[in-house]
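Geometric and topological summary
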Protein chains: 4
Amino acid sequence: MAGSTFGNIFKITTWGESHGEAIGVVVDGCPAGLELDESDIQKLLDRRKPGTSQFATQRRESDSVEILSGIFEGRTTGTPIAMLVRNTSQRSADYSEIASYYRPGHADYTFDQKYGFRDYRGGGRSSGRETIGRVAAGAIAEKLLAELGITVTAYTEAIGDISISMKNFDIAEARRNQTGMPDSEANEKAEAYLKACMEKLDSAGGVVSCIVKGLPAGIGEPVFEKLDANLGKAIMSIGAVKAFEIGDGCAASRMNGSENNDAFRMKDNQIVKATNHAGGILGGISDGSDIILRAYFKPTPSIFQQQETVNRAGENITVQIKGRHDPIIVPRAVVVVEAMTAVTVLDLLLQNMTSRMDRIKEFYS
Amino acid sequence: MAGSTFGNIFKITTWGESHGEAIGVVVDGCPAGLELDESDIQKLLDRRKPGTSQFATQRRESDSVEILSGIFEGRTTGTPIAMLVRNTSQRSADYSEIASYYRPGHADYTFDQKYGFRDYRGGGRSSGRETIGRVAAGAIAEKLLAELGITVTAYTEAIGDISISMKNFDIAEARRNQTGMPDSEANEKAEAYLKACMEKLDSAGGVVSCIVKGLPAGIGEPVFEKLDANLGKAIMSIGAVKAFEIGDGCAASRMNGSENNDAFRMKDNQIVKATNHAGGILGGISDGSDIILRAYFKPTPSIFQQQETVNRAGENITVQIKGRHDPIIVPRAVVVVEAMTAVTVLDLLLQNMTSRMDRIKEFYS
Amino acid sequence: MAGSTFGNIFKITTWGESHGEAIGVVVDGCPAGLELDESDIQKLLDRRKPGTSQFATQRRESDSVEILSGIFEGRTTGTPIAMLVRNTSQRSADYSEIASYYRPGHADYTFDQKYGFRDYRGGGRSSGRETIGRVAAGAIAEKLLAELGITVTAYTEAIGDISISMKNFDIAEARRNQTGMPDSEANEKAEAYLKACMEKLDSAGGVVSCIVKGLPAGIGEPVFEKLDANLGKAIMSIGAVKAFEIGDGCAASRMNGSENNDAFRMKDNQIVKATNHAGGILGGISDGSDIILRAYFKPTPSIFQQQETVNRAGENITVQIKGRHDPIIVPRAVVVVEAMTAVTVLDLLLQNMTSRMDRIKEFYS
Amino acid sequence: MAGSTFGNIFKITTWGESHGEAIGVVVDGCPAGLELDESDIQKLLDRRKPGTSQFATQRRESDSVEILSGIFEGRTTGTPIAMLVRNTSQRSADYSEIASYYRPGHADYTFDQKYGFRDYRGGGRSSGRETIGRVAAGAIAEKLLAELGITVTAYTEAIGDISISMKNFDIAEARRNQTGMPDSEANEKAEAYLKACMEKLDSAGGVVSCIVKGLPAGIGEPVFEKLDANLGKAIMSIGAVKAFEIGDGCAASRMNGSENNDAFRMKDNQIVKATNHAGGILGGISDGSDIILRAYFKPTPSIFQQQETVNRAGENITVQIKGRHDPIIVPRAVVVVEAMTAVTVLDLLLQNMTSRMDRIKEFYS
């Protein structure tokens, strides 16, 4: 697997399995001089931590991050920042049974096909714990972006078919409730829905939205390294994501050009767009308005109902999964979407510095 | 712009502007020994050629490909295959006016912001003509995959809100009609809808589906180089695509785990899935069933209605675009989606050859 | 072969065989706004052109470059610059014989082993003509660097065991004589030596030096992307180069630390080095003094003496190579070394723009 | 610094500073199914460990490796292998003084120029301790190559101007003495020379050779990813290396073609070369004979004599370096050269698996 590195300039490499010693990430290419300490990372990690909600796995992990390199006297040095989180609450025994069969909706079968065998404990590398490295790296990216006046904010937009209403929008609500929805009414309905799912030993999916504010126009490289193409890859690489949208997304395909086109207008001597169907990207390059994206998550495949599957011996069997599983992954995935968005945007922001001869001359004069 | 290269092993680099001398692509990393000549490429290029439908730009280009390297005695040699298509029907005069203002929904403004100025003739590098290089490369990928028993097939699934019905599915129909829909009834309705759009000087969007059959299980690299993540990037990098789905896509987010999970079953001594909500990918790795993806295209931004915008001098103006434009891009984009899917799948298929020690030993014994 | 792309930000992709239609290069990531036309490229190509010296192949090629994209109104647009040179003087018949056997010192055998067969005409992709693309790309890099006050200058330092003397150094001499030596005395001796080699139906090797002046301190990325590591790769990737040195190179290994260390001193309020044994690089990063490197070329393997080898049928045979070959490649390789140095230095110069938080803030303020 | 990753398929990312918490590496892309445990890594690490020789720094570190991921039941799983070594013998106080000035021959000045400040403790990221990650990764590569019958062996060829004689060659000698020379006579002379250097408070340089045996023909990608180009980068990226040679290297530049060409001959029904001036590489691709390379190391810059330099305030000063430093780095660098060679060869060996259509068909049939 040479697939654990993401980014070109701001480059992150994650490693680790659910039930291994630790999970970690190396962030290479972080500019020198950013103030950073473990609390900056921990803050984001705490948002994905298990065991804090009735709708999340009851596995309890402190998920405390250690920074092992790349910081000196409170600032990044420009060298790689290695971070790790020890795994502490593994109960591998829970998984011994699943060594022998393929859980529906999981990567057990595909890992076996690819590698010949697998670390079956807790899903190994395909576990949601893999996202710890992403979130730790994203925390650095978010902090750096914030210094440039750029914010990245994700929240739960829908759970099952319960969606938030923008008129109730309150991001503080999203950060304190258990669904991550910035709308207390929707949150209430979603809680009821999730409890019903859990009673039926079933699971649910949902949608995470993410908005980037303050991004200057000009970010993203035409053709294959478009901002939306890279965001698409970043988000689709998160386990359980099955669809990705920019701006009006799927809905744009049903609109006419006259509705979908965003008019340019002058406002306070600045060029702005009257609407933002495009989600802040034209021709793969940021246009100065908000970047808006959406990630669609499938329901957690680990359900406690009886399911049909096959075992490694090639026999049809019926199984009932045990262990501690999230009935829905969406609330904990919010910060993962935010992290991957931040990492992607930052990488392209850095790449863009080399796009113009006049600015290069200025830089090196 | 260092964004014109895609792929790791099978690596394509496209170049060229709408109104420049030519458009081309270099395909590096194509294995040696594949039989190939220009007709293999031309066949696919003809599927995206303008001027052949009432729903496409009336610009007439033969789009004839020349292969300049990498083939010897009818076979690929393993060295880069350079291909080019001369531009022949440029009417740059049509575009002189747009030099001075920003067309809504186009990349004019973002290119200017990024680079300080732009080749405004026909959209320059952000023109749909850029996809010629992708299709030429895709033709090679499709031919190579076919030799391994893997087929890639794209078609129009929806135009506006008219969708095909799977019970009418006939791929031959898609290849001969003007919408690319594999359903003659839907095609008829879509034609009527498009004519109405054109009468209103408006444009339409739609959905392209693509299916990969015969792909073995095990393709795709965990974490960031997942098969779906790479497909997401490949497809989102096509101009005008605003959303991407794998399998049930957005709909999966509204399902329960018990509905969405695909049971594994034995069939003819093989492991198969009883359903395919997952679209052939689990944990980012192919599972041996069909890969199913969908690309959502926005309506063409070039419409002939009056539109509000700003000019380079920073003044609000009203414009009416002239020239030869597609009222819908979807039918011509079908082969582009197919090409990018083929290139992506092939690249990961080649990467997968190094995943297991036993197979490496066998290879080098 | 996915090995035809070089560079990360300023990224070049070369293609083409000796006896194919054409040879070319795509330069992606060139900043927008650089004044450029074909004469800028042709000037460097003319320095590697065959048929202009008694010590070079008598194959006559005009090697005229065509720019096919990426330039608008005399300036680079930031999009890929595709360039090609048509092959015009192929005499493939000269090569029909070598299809059947392996020339000593050539890549015939290794290409056959790798790919199963080869384009044997003129060495195919392993021909020296492959360097046309490098030189065309290097011409752009050199022009861009010159705008920043950085010059790259290569010359022949030695032929056989005749070396130049720095006290005679005159770069103008190097550009007008047939050896590329910036020393008329050494040139005279080298000419006599080369004539003697040719009379014996033999060939010669030599050394090319390259100096980069005006490069600011700070260029190069620690660990694997060191400036010297990248220069090493760039230079070793040129056919026939068997050794690479930075600064005192091999000789440094026989010195003591007290001799080899360059003292830092203040001069005109600037930090300078009193000596430059290091060749301008410390810890892989430029130190502000001249970058000095050396490339050691083996003698041309195509000699007209009888040689022992084997044929594809696996029989020992004796062969006598025919055709038009350079008795020494060094004089024509000077500009190739210069080009690859320029491309490498520019790429790392661009990468360095993202190294410091304070400069990034300034850039985006 | 986005320069801490090396390789394309077998991809290593190193991190860590001399006086930070730890030093480590992530190895991504290691095929699944290789038997591996910490002792395999420790064996190589012990060969570079300080404190074991009179000619090495007296800093004592156990340099014990921990594997944190990627191994399950004694075998690699195909997922990233994270390894770390804790730093235990830092005496940062030794370095507080050097915060204020630039040591000649070190990267202090260039890091400051690049990043604005530096982690000055023990050289930070530019310390020789950075190579721990390389050696740990190289240990995996060597083990994997050994399973394919490929061995990588490095040794000290020269110290100052004392060279080994091939007629005394004994690799076991190299592994037990303090110079790493496979020749007891040369070792004795080198010891005397080094003692003399130390008495004069001076340091020495030398040459490391490395030989790869058993590598099949066909490895290396033409043009920029040649085997020798990648080896050149790998070796030049090791701190203190100032020159790199393949085969006869520099000497080849003084030879005639008739001497330098290696004749192909049949032997036991195999194609072999009668000589190996080329060092096993033709046209950038392995030819089936031994790969032979040489790395030239400068003398250690940390010497205990008085030296002239400047401080951060821009004043000329005289300094005398303290601390624990290697009077020569060569003996400890032997295993680093071996490791980087192994990593490079393995990466290209894996890349080569995709070069031929017939073999791909066979693989996927």
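All figures in this text were calculated on a predicted structure; none of them were measured in a lab.

Concerning the interface of chain B and chain A
In this complex, chain B contributes 104 residues to the contact, which on the side of chain A involves 105 residues. Taken over both partners, the interface formed by chain B and chain A buries close to 8100 Å², and the fraction arising from carbon and sulfur atoms is 59%. The largest contributions to the chain B side of the interface with chain A come from Lys114, Phe224 and Lys242 of chain B, which together make up 11% of the buried area. Along the contact surface separating chain B from chain A lie six salt bridges. As a salt-bridge pair, Glu308 of chain B and Arg265 of chain A come within 3.6 Å of each other at their nearest N and O atoms. Where chain B packs against chain A, one counts 48 residue pairs in polar contact (both at pLDDT 80 or more). Of all the elements, helix α2 (residues 108–115) of chain B adds the most residues to the side of chain B that touches chain A, at seven residues. Residues that form the side of chain B that touches chain A fall into these classes: 44 nonpolar, 36 polar and 24 charged. In this sheet, strand β11 (residues 241–246) of chain B lies alongside strand β11 (residues 241–246) of chain A in antiparallel orientation, the contact comprising three bridges. The residue of β11 of chain B that forms the bridge with Phe244 of chain A is Phe244 of chain B.

What about the relation of the copies chain D and chain C?
One copy of the chain maps onto the second through a rotation about an axis and a displacement along it. When chain D is fitted to chain C, the residual RMSD is 0.0 Å, and the transformation amounts to a turn of 180° plus an axial shift of 0.0 Å. Here the symmetry operator amounts to a two-fold rotation axis. A shared interface surface links the copies, since 100% of the contact residues of chain D are contact residues in chain C too.

With respect to the sheet that holds strand β2 (residues 11–16) of chain C
Residue and element names in this part refer to chain C. Spatially, five strands are ordered β1-β2-β3-β7-β4 in an open sheet, and the strand pairing comes out antiparallel. With one partner strand each, in any of the chains shown, β1 (5–6) and β4 (65–67) form the two edges of the open sheet. Judged from the six bridges that link them, β2 and strand β3 (residues 22–28) form a sheet pairing that is antiparallel. When the bridges of β3 are listed, Gly16 appears paired with Ile23.

Let's talk about the side chain of Thr76 of chain C
Residue and element names in this part refer to chain C. The residue Thr76 is located in strand β6 (residues 75–76) in this model. Looking at Thr76, the relative accessible area reads 0%, which means it is buried. Looking at Thr76, its side chain comes within polar contact range of the main-chain oxygen of Pro31, at 2.8 Å.

A closer look at unusual backbone geometry
Residue and element names in this part refer to chain C. Positioned with a positive phi, Leu201 is a non-glycine residue whose angle comes to about 55°. Structurally, the position occupied by Leu201 is in the loop between α5 (184–199) and β10 (206–213). For Leu201, a relative accessible area of 37% puts it in the partly exposed group.

As for a nonpolar patch on the surface
Residues and elements named next belong to chain A. Residues Met166, Phe169 and Ile171 make up a contiguous nonpolar surface patch of about 260 Å² in total accessible area. Within the element layout of this structure, Met166 appears in the loop between β9 (162–163) and α4 (171–176). When its relative accessible area of 54% is taken as the criterion, Met166 is described as exposed.

Looking at the interface of chain D and chain C
In many reports, interface size means the accessible area that the parts give up when they come together. Every contact between the two is made by 104 residues of chain D and, on the other side, 104 residues of chain C. Taking the shortest distance from any N to any O, the salt bridge between Glu225 of chain D and Lys233 of chain C comes out at 2.9 Å. Taken together, chain D and chain C are joined by 47 residue pairs in polar contact (both at pLDDT 80 or more). For the side of chain D that touches chain C, the element with the most residues is helix α2 (residues 108–115) of chain D, which contributes seven residues. Taken together, the residues of the side of chain D that touches chain C sort by class into 44 nonpolar, 36 polar and 24 charged.

Observations regarding the packing of helix α1 (residues 38–48) of chain C against helix α3 (residues 131–147) of chain C
In a packed pair of helices, the relevant descriptors are the angle between the two axes and the axis-to-axis distance. Residue and element names in this part refer to chain C. Running from N to C, α1 and α3 cross one another at 135°; their axes reach a closest spacing of 8 Å. On the basis of their axis angle, the class for α1 and α3 is oblique. Viewed along their axes, α1 and α3 form a crossing whose handedness is right-handed. The segment α1 lies against α3, with Asp40, Ile41, Leu44, Leu45 and Arg48 engaging Thr131, Ile132, Val135, Ala136, Gly138, Ala139, Ile140, Glu142 and Lys143. For the contact of α1 with α3, a count of residues per class yields eight nonpolar, two polar and four charged.

Structural notes on the relation of the copies chain B and chain A
At an RMSD of 0.0 Å, chain B and chain A line up after a rotation of 180° and a shift of 0.0 Å along the axis. A share of 100% of the interface residues of chain B reappears at the interface of chain A, consistent with the copies meeting face to face through the same patch.

Section: the pairing of strand β12 (residues 264–267) of chain C
Residue and element names in this part refer to chain C. By the bridge criterion, four bridges tie β12 to strand β13 (residues 270–273) in an arrangement that is antiparallel. Of the residues in β13, the one forming a bridge with Arg265 is Val272. Linking two consecutive strands that pair antiparallel, namely β12 and β13, is a turn of two residues; a positive phi of about 50° is found at Asp268 within it.

Observations regarding the pattern of salt bridges
Summed over all chains, the structure comprises 108 salt bridges over all chains. Between Asp262 of chain B and Lys273 of chain B there is a salt bridge, with its nearest N and O atoms 3.7 Å apart. Residue Asp262 of chain B is found in the loop between α7 (257–260) and β12 (264–267), and its partner Lys273 of chain B is found in strand β13 (residues 270–273); the two are separated by eleven residues along the sequence. Lys273 of chain B gets classed as buried once you look at its relative accessible area, which sits at 13%. Within this structure, Arg103, Asp108, Asp112, Arg118 and Arg312 of chain A form a network of salt bridges that share partners.

Points about the environment of Cys30 of chain D
In this fold, Cys30 of chain D is placed in the loop between β3 (22–28) and α1 (38–48). Along the primary structure Cys30 of chain D and Glu199 of chain D are separated by 169 residues, whereas in three dimensions their C-alpha atoms are 46 Å apart.

Describing the confidence of the model for chain A
Looking at chain A as a whole, its pLDDT mean stands at 94, while 98% of the residues score no less than 70. For this predicted complex, the interface confidence score (ipTM) comes to 0.97, while the overall pTM stands at 0.97.

Comments concerning the packing of helix α6 (residues 227–236) of chain A against helix α6 (residues 227–236) of chain B
Interhelical geometry of α6 of chain A versus α6 of chain B gives an angle of 160° and a closest axis separation of 7 Å. Taken as axis vectors, α6 of chain A and α6 of chain B run roughly antiparallel relative to one another. Handedness of the α6 of chain A/α6 of chain B crossing: right-handed. Across from Asp228, Ala229, Asn230, Gly232, Lys233 and Met236 of chain A in α6 of chain A, the residues of α6 of chain B making contact are Asp228, Ala229, Asn230, Gly232, Lys233 and Met236 of chain B. Here the contact of α6 of chain A with α6 of chain B is composed, by residue class, of four nonpolar, four polar and four charged.

With respect to helix α2 (residues 108–115) of chain C
Of all eight residues in α2 of chain C, seven are buried; the element is thus mostly enclosed. Burial in α2 of chain C covers these residues: Asp108, Tyr109, Thr110, Phe111, Asp112, Lys114 and Tyr115 of chain C. Those residues of α2 of chain C hidden inside the fold are in contact with β12 (264–267), β13 (270–273), β14 (281–282) and β15 (285–286) of chain D. Within two residues after α2 of chain C, Gly116 of chain C carries a phi angle of roughly 90°, on the positive side.

Some thoughts on the packing of aromatic side chains
Counting across every chain of the model gives 32 aromatic pairs over all chains. Ring centres 5.2 Å apart and planes at 55° place the aromatic pair Tyr109 of chain A and Phe264 of chain B in the tilted group. In this pair, Tyr109 of chain A is assigned in helix α2 (residues 108–115) and Phe264 of chain B in strand β12, connecting two distinct chains. Judged by relative accessible area, which is 7%, Tyr109 of chain A ranks as buried. Their ring planes at 75° and their centres at 5.0 Å tell us that Tyr155 of chain C and Phe169 of chain C sit as a pair that is edge-to-face.

Some thoughts on the side chain of Gln307 of chain B
Its location among the elements puts Gln307 of chain B in strand β17 (residues 306–310). Apart from the residues within four sequence positions on either side, Gln307 of chain B is in contact with Asn261 of chain A together with Pro104, Pro301, Ile317, Thr318, Val319 and Ile321 of chain B.

A closer look at the sheet that holds strand β3 (residues 22–28) of chain A
Residue and element names in this part refer to chain A. Strand order in this open sheet of five strands is β1-β2-β3-β7-β4, and the pairing throughout is antiparallel. Every other strand in the sheet has two partners, leaving β1 (5–6) and β4 (65–67) as the edge strands with one partner each. Bridging between β4 and strand β7 (residues 81–86) involves three bridges; their strand directions are antiparallel. When the sheet's bridge partners are listed, Glu66 is paired in β7 with Leu84.

Here's the deal with the environment of Ser100 of chain C
With respect to the helices, strands and loops of the structure, Ser100 of chain C is situated in the loop between β7 (81–86) and α2. Here the alpha-carbon distance between Ser100 of chain C and Val310 of chain C, two residues 210 residues apart in the chain, equals 9.1 Å.

Rules of the game
Sequence positions are assigned chain by chain, starting from 1 and proceeding in written order. Chain labels run from A onward and ligand labels from 1 onward, assigned in the order the entries are written. Whole-chain, interface and lining totals are the exception, using all residues; otherwise, since this is a predicted model, local features are given only for residues with pLDDT of at least 70 and side-chain atom pairs are given and counted only at 80 or more. Just so you know, side-chain values use all the structure's heavy atoms and leave hydrogens and water out. Residue contacts follow a heavy-atom distance rule, with two residues in contact if any of their heavy atoms lie within 4.5 Å. Defined in terms of a 1.4 Å probe, buried area is the accessible area two parts forfeit on being brought together, summed over both. Any Lys or Arg side-chain nitrogen found within 4 Å of a carboxyl oxygen on Asp or Glu counts as a salt bridge. Polar contact is defined as a pair of N or O atoms within 3.5 Å, subject to the rule that within protein one atom must be able to donate a hydrogen and the other to accept it, and that residues adjacent in sequence are counted only when both atoms are side-chain atoms. Helix and strand definitions here come from DSSP, where helices need a minimum of 4 consecutive H or I residues and strands a minimum of 2 consecutive E residues; each element is numbered from the N-terminal end. For this classification, Asp, Glu, Lys and Arg are treated as charged, while Ala, Val, Leu, Ile, Met, Phe, Trp, Tyr, Cys and Pro are nonpolar and the rest, including Gly, are polar. Whether two strands pair depends on DSSP finding at least two bridges between them. Superposing the copies works by least squares over the C-alpha atoms of residues that have pLDDT at least 70 in both of them. Burial classes: relative accessible area under 20% of the type maximum marks a residue as buried, over 50% as exposed, and values in between as partly exposed (1.4 Å probe, protein chains only). For patches, a residue must show more than 30% relative accessible area and have no salt bridge; joins then use 9 Å for like charges and 5 Å for nonpolar side chains, namely Val, Leu, Ile, Met, Phe, Trp and Tyr. Every accessible area reported is derived by Shrake-Rupley at a probe size of 1.4 Å, with residue values counting cover from the shown protein chains alone. As a rule, the C-alpha atoms of each element are fitted with a line to give its axis, helices using only the stretch in contact, and angles between N-to-C directions run from 0 to 180 degrees. With respect to orientation, any angle under 35 degrees is reported as roughly parallel, any angle over 145 as roughly antiparallel, any angle of 65 to 115 as roughly perpendicular, and every other angle as oblique. Here a crossing is taken to be left-handed if its near helix is turned anticlockwise relative to the far helix by less than a right angle, and right-handed if that turn runs clockwise. Known as pLDDT, the predictor's confidence for each residue is given on a scale from 0 to 100. Ring pairs are drawn from Phe, Tyr and Trp, using the six-membered ring of Trp, whenever the two centres fall within 6.5 Å, and their geometry is named by plane angle: stacked under 30 degrees, edge-to-face over 60, tilted for the rest.

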